[in-house]
Structures are given as C-alpha cells and as structure tokens.
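# Survey of secondary and tertiary structure
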Amino acid sequence: MEIVHLSAECYPIAKVGGLGDVVGALPKYQNKLGHVAKVVMPAYQTKFMQENEFEVVYDGWAKLGFHNFAVKIFREKTNKLGFDLFLVHIEGLFDRELVYGYHDDTERFLAYQIAVLDWISQWEHRPDVIHCHDHHTGLVPFMAAYCEQFRRLSQIPTVLTIHNAQYQGQFGWDKLHYIPAFDLWKTGQLDWRGSINPLATAIKCAWRVTTVSPSYLDEISFKANGLEDLLAQERSKSFGILNGIDNEVWNPQTDPMLEKNFTTRIVDAGKKANKAALCAVFNLDPEKPLFTFIGRLVGEKGADLLPEIFYNALITYSNQINILVLGSGDSQVEGRLTQLKDAFPGNYNAYIGYNEKLSHQIYAGADFLLMPSRVEPCGLNQMYALRYGTIPIVRRIGGLKDTVVDIGDGGFGVCHDQTSAWDVGHAIGRAYDLYTDAKHVKEIRKFIMQLDHSWDRAAQQYIDIYQV
Ligand code: ADP
Ligand code: GLC
C-alpha cells in the first residue's frame, strides 16, 4: 500500500512531544512490512533543514482566501530516515523556527493542508491512504471529499489518528473563506458548537478514526474537551491502537547519548554509571534513589502539582531521595520548580527547557519516572523508561493503564488512581520501600527492559484498519 502521513511534527525534523516520535517511527516500520509510507510535513526552519540535502519536487502556489502563497515541496535526498520525507515550504508562514505558538497558526496549517492536497491531486497516481495526525491536518478528510478543486482525491480513504483530543484547532466562521469552494450542503460537517473545529470535522469525515491507546478510546466517550458525544457517535469506525516505540532510537545498548551503554546482563552497572554521570552534573547523590519527571509542564501532565509533590517528598524522606525534573511549559510551574532548587540543594534539581540528549540520559540514569497525568492518550515516556530499566510511577489512565502493571498485581510499576498530591505522595512512598529491596529492583529492571513495545505490532494494526 502507499500511505501518506500528514503531520505537524516528525522526529528528528521537528518534535514538540510524542506526536513527533510517532510520525518519525511508524512510517519506517510500515515500510519494513513492505509498504510505501511517506511523510509530508511543513518545512520549519529547523537544524534538520539546514544540515540536510533536498531536491525540489513541486513549485507552485497555494491560495488561502484572498492570499496567494508561493509553495515549494522538498524531498530529503538520502531516504536515511527509512521513509520518503517531503517538506512543504510556504513563504511567509513556515520560514520560522517553532512548530506552534504563532498568532497565525490557523492560517499556517490551513495553507499547509491546501498546498499538500493541491500537490497530491497533481500526482499521476493516487495513494491508497491519507493518514492525518491531530487537528493540524484535520480539514484534509473534509477538503479531499468535498472541495471541487480536489475532486480527484475524493475516493481516497482518509484516516485520522487522535493523539490528543484536548487540542482541536477551533476557529471562527469569519475564516470560512479560507477553505476552497466546497459542496455547501456539507457545511455542517465543519461545525462543532458554533466554531469551525478541525478535529471534530476529521472525526466526522475520516473513513477511520484511531486513538493512540485502547483505554483512551474508552475514556474519550466521557471526557474529550467537549467532543464526547461526537466520539461516542462515531465509535463504530474508531479503533484504539497502542503506540510503539522506535527500538532503534531508544536502545540502551547502542544509544550514543548515554554515558554507558548497557543490556540486561549488566543492568546494575549500566544504570549506576549513567546515574553517577547525571548526579555529577546536577549535584545529586548517586547513592540515593533518583525520582524524575520529564515532560511538558501543563495541566494534562499534572505538572501544576509537581512542586507540592516534590516538596512533600523531600520533607518526608529528608535527605534520603533525589529528584530531577526536565521540562518546560507553564511559566508559573517553571518558576515554582526552579525555586525548589534553593530549598533543597543536593537533593533536588531542575532543567527548565527542552533537551533531547538529557532526556535519554535521564531515562537511563533514573530509578523512577513519575507520570501523574490527568490525561494521557498514550504516553511514550513510560515506555522509554521501561526500556532503559527505570521503574514508572503512573496514574492509571489512558495509555499508562495499558502499559504499566502495578507491583501489587504481580507487575513492575507503581500505579495510583488520582492526580492528587496525596495519591502521588503515597506512590512515591511505595517506590521508596521497593528501592530498599535491591534484589527485587534488579529483577524488575531486567524484566521491564525486555518488554516488547516495538512498532512492529502497531504498524501492522494500522495496515489492517486501512483495509477494513
Ligand atoms: P506528549 O506528547 O503528550 O508530550 P509523550 O509521552 O507522548 O507526551 O511524549 C513526550 C516526548 O517528548 C518524549 O519523547 C519525551 O522524552 C519528550 N520530551 C518531553 N519534554 C521534554 C523535554 N523538556 N526535553 C526533552 N524531551 C522532552
Ligand atoms: C500526544 C499525547 C501522548 C501521546 C502522544 C503520541 O501528545 O498527549 O499521550 O503519547 O501524543 O501519540
């Protein structure tokens, strides 16, 4: 099959969170299964753009309302990522560094979607599937089906993967003229509660809808930032497919970012060396259990509770534990997490910002990784932690529920039910007790490093649903 993935993020070109990791890996594994999977994404001005070679495969114009934009589509020349990568350059809209966060994001992603459909409709053949990821590509199923200018594409199956239903990309009806002329009888497909809602539109118009874990599919019929009824209604065409991880990138045996590579055979020595290096940089004591958090500092991740959780833990286990945070997001949370450094020097530290290399070093060097998420459609951090022998402490929700089994149930992680300081504090206590049993910890580490979360399974599941 020929599959075209459309996404705002793709690792290593541009990554803000797990969406980038997924789109950087899934196509590679679909190609390994003998299919032809491609990625078409915006050409932000990232390091990847400057350091790689490209050829121009399309040179044209895109029309957004009354504006015409020059469009160039570049293909990465070497295919080194394991899939064909196409980057859509739109003058004035994507020649910037960041992926999101601009006042004209609506215009940027609409222009990108229109440019992509313009280009694909000029191909001599038609792809078998257009696979859209999240709301930034959510108007594609509608436009492909109902816009006059994309009539050639109307019979191509479209699939929407919801990575996070909290973000929907709504905009006002005053921008309706941005969408190329379409069958006006279909206007209702664009509407959700008074706005044009790209995610809702994709849920209505895509041939198939998937979520990134089975539990999240169950949860969104009850909690999906206003889309519950719609998701419940479209349930019969929806599937929950648990994300995988890219075992080639996330492999403690070969990861070039680590202080020391390791396998299950030398798990203790490997983790010890990585922990020592990390503790030296962050002024922590390598003899004490190291608890960590990596992620976006937003409410969904429970980040607002972290300062209280860490304060309580550092008081309760005075001087007996280490905590290290890597994250960025809400400025108040950033500020409070930074303040704690002065209160607990030698036991607590935080790196506020984004640092890919450091994230690998923390997965490898930590003892425990906290994920007290309020919403977690899948979560990749816990799977990276498992692969690097770090025990996850997670809330039983979404993909966390599908990937982590509590030690009390014969499993390998520490689970809790609520995103509350009390519940997480209790979980930290259980983890602390577990840490005193070195033999059990070693057994768990060996076990979790061997759990198979590779993309092979999920890549095939997607192929299957493209065909049902
Ligand atoms: P989400 O996509 O909701 O942020 P995921 O668990 O799916 O959550 O994926 C998060 C990804 O982003 C992981 O690869 C994680 O290591 C990475 N990440 C998050 N915050 C940072 C950070 N500050 N520095 C480096 N990597 C980060
Ligand atoms: C989203 C979700 C996260 C998921 C990721 C990749 O960002 O918040 O839970 O792992 O997408 O699918």
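Everything in this summary refers to the structure shown in the same document. Only a predicted model underlies this, so the values are computations on that prediction, with no experimental measurement involved.

Time to look at the site of ligand 1. Surrounding ligand 1, one finds 19 residues, the nearest of these being Gly18, Asp21, Arg296, Lys301 and Tyr363. At 2.6 Å from an oxygen atom of ligand 1 is found a main-chain nitrogen or oxygen belonging to Gly18. Breaking the shell around ligand 1 down by element, the ones donating at least two residues are α1 (18–32), β12 (290–297), β13 (322–329), α11 (356–365) and α12 (381–387). For the shell around ligand 1, the element with the most residues is α11, which contributes three residues. Of the residues in the shell around ligand 1, the class split is five nonpolar, nine polar and five charged.

Attention now goes to the packing of aromatic side chains. Each aromatic ring pair is characterised by the separation of its centres together with the angle its planes make. Tallying each qualifying case throughout the model produces 20 aromatic pairs. Judged by centre distance (5.1 Å) and plane angle (75°), the ring pair of Phe142 and Phe182 falls under edge-to-face. Residue Phe142 is found in helix α4 (residues 140–146), and its partner Phe182 is found in the loop between β7 (158–162) and β8 (191–192); the two are separated by 40 residues along the sequence. The pair Phe142 / Phe182 is uniform in exposure class, with both members buried. Linked through ring pairs, Tyr44, Phe94, Tyr100, Phe109 and Tyr112 together constitute an aromatic cluster. The ring of Tyr29 carries Lys32 above its face, with NZ or CZ at 4.5 Å from the centroid.

A few words on the nonpolar core. Formed by 87 residues in total, the largest nonpolar core has its most connected members in Phe310, Ile323 and Tyr348. Viewed by domain, this core spans two of them, domain 1 (2–244 + 456–467) and domain 2 (264–452), each represented by three or more residues. Beyond its immediate chain neighbours, meaning those up to four positions away, Phe310 contacts Phe293, Ile323, Val325, Leu337, Leu340, Tyr348 and Leu370. Core analysis: the second largest hydrophobic core is formed by 62 residues, Cys10, Tyr44, Tyr58 and Phe94 among them.

Basis of the calculations
Numbering of residues starts from 1 in each chain and follows the order in which that chain's sequence is written. Chains carry letters and ligands carry numbers; both start at the beginning, A for chains and 1 for ligands, and go up in the order they are written. In keeping with the model being predicted, local features are shown solely for residues with a pLDDT of at least 70 and side-chain atom pairs are shown and tallied solely at 80 or more, while totals for entire chains, interfaces and linings include all residues. Only hydrogens and water are set aside when side-chain values are computed; all heavy atoms of the structure are taken into account. Residues are labelled near a given molecule or strand when at least one of their non-hydrogen atoms is within 4 Å of it. Definition of a polar contact: a pair of N or O atoms within 3.5 Å, with one able to donate and the other able to accept a hydrogen when the atoms are protein atoms, and with sequence-neighbouring residues admitted only if both atoms are side-chain atoms. Note on conventions: DSSP H or I runs of at least 4 residues are helices, E runs of at least 2 residues are strands, and numbering of each starts at the N terminus. Under the grouping applied here, Gly and all other residues not named as nonpolar or charged are polar, the nonpolar ones being Ala, Val, Leu, Ile, Met, Phe, Trp, Tyr, Cys and Pro and the charged ones Asp, Glu, Lys and Arg. Aromatic pairs are defined between Phe, Tyr and Trp rings, using the six-membered ring for Trp, whenever the two ring centres lie within 6.5 Å; interplanar angles under 30 degrees are classed as stacked, those over 60 as edge-to-face, and all others as tilted. Burial classification: accessible surface area is computed with a 1.4 Å probe over protein chains only, and a residue below 20% of its type maximum counts as buried, one above 50% as exposed, and the rest as partly exposed. Counted as over-ring charges are cases with an Arg CZ or a Lys NZ within 6 Å of the ring centre that also lie within 35 degrees of the ring normal. Buried Ala, Val, Leu, Ile, Met, Phe, Trp, Tyr and Cys residues form a nonpolar core when they are joined through side-chain atoms within 4.5 Å. These domain limits were set by an automatic method or by a database of domain assignments. A contact between two residues is defined here by any heavy atoms of the two lying within 4.5 Å.

None of this, on its own, says anything about what the molecule does.
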